[in-house]
Amino acid sequence: MNWKEKKKLKQEKNQNLEEEQRQEGLAAVIPSSNIGFKLLQQMGYKPGNALGKHGQGATEPINVDLKRNRTGLGRDEVVKEEKSQKSKQIILARERKRKKVDELRVGFQERRRGTWQSRKLVSDYRKACTALLQLEEQAAGTVTESARPVNKKTVEVQDAGKGVDKVKTEDAEAVEEDEEEEEEITEEMLHDQLTKLRGLYHYCLYCGFQYDSEEALIADCPGLEDEVH
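Everything numeric in this text was worked out from a predicted model, so none of it was measured. (Residues numbered from 1 in each chain as written. Predicted model: local features only at pLDDT ≥ 70, side-chain atom pairs only at ≥ 80, totals over all residues. Heavy atoms only, no water.)

A. A look at the overall build of the protein chain. Broken down by element type, the protein chain carries five helices and four strands. Each helix and strand of the protein chain, placed in order from N terminus to C terminus, yields the pattern α-α-α-β-β-α-β-β-α. The long-range fraction of contacts in the protein chain, counting pairs at least 24 apart against all pairs at least 6 apart in sequence, stands at 46%. Element-wise, carbon and sulfur atoms account for 52% of the exposed surface of the protein chain, whose accessible area totals about 18,700 Å². (Helix = DSSP H or I, 4+ residues; strand = E, 2+ residues; numbered from the N terminus. Contact = heavy atoms within 4.5 Å. Areas by Shrake-Rupley, 256 points an atom, 1.4 Å probe, with all protein chains shown as cover.)

So, in structure tokens, the structure goes:
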């Protein structure tokens, strides 16, 4: 061991020895030969009773609180309070950081949700326009391959149970994220297309069916919104 470790070990040994001697001294009863004890007895003190004329004083000796460091009196309490305040500040800083992270996460999720909803709006609008164009051509009897959209595929199925035609449109390719729109698609524009499909041709884009009548559409279709399908 180097001299620092030897010094530290010696100090600990001396402190332990002093502590043992102190505890032995505090545990020992004051003998009757003690001068201070004799003075107390002369003033009417009886062993086991409290001090004071009316017995309102202490019954046990004052506890010994040994101070081993070199800080001034009362400094330990100040240091303890400073540590407590520092711990509170750290907790508050962590809480603020957590709230900030939560706000950023919520904002990111809302932006992603808005982007997804915008893309879905554009996709549904295109599907509605394609379905409306095809139904108009079927009604006029002038369906041509050139009139079909480039990135769409149409499948017509006869439903024998309900007696309705099913027109299902599917994307042949995914729309690229950086594709620029010629015009801004709004929910009102999509709603107008869906209303035309339902009102003129009794066709629901989300059901994928062309019903025989408006009554059948109302009875069998859950509604105009995609969420209810």
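B. Molecular detail of the nonpolar core. Formed by 14 residues in total, the largest nonpolar core has its most connected members in Ala128, Leu190, Leu197 and Tyr203. Residue assignment for this core shows that the elements contributing at least two residues are helix H3 (75–140) and helix H4 (187–201). Looking at this core element by element, the count peaks at seven residues for H3. (Core = buried A, V, L, I, M, F, W, Y, C linked by side-chain atoms within 4.5 Å. Buried < 20%, exposed > 50% of the residue type's maximum accessible area, 1.4 Å probe, protein only.)

C. Representation of H4. The terminal C-alpha atoms of H4 lie 21 Å apart, and with 15 residues this matches the ideal 21 Å at 1.5 Å per residue to within 8%. Along H4, the residues that are buried comprise Leu190, Gln193, Leu194, Leu197, Arg198 and Tyr201. Down the axis of H4, the buried side of the element spans an arc of 130°, and every buried residue falls inside it. Set apart from the buried face of H4 by more than 90 degrees, the exposed residues are Glu188 and Leu200. In this fold, the buried residues of H4 make contact with H3, strand E3 (203–204), strand E4 (209–210) and helix H5 (214–220). (Expected span 1.5 Å × (residues − 1). Arc of directions from axis to C-beta.)

D. A look at the environment of Gly57. Tracing the backbone through its elements, the reader meets Gly57 in the loop between helix H2 (35–42) and H3. Contact partners of Gly57, with chain neighbours within four places excluded, come to Ala50 and Leu51.

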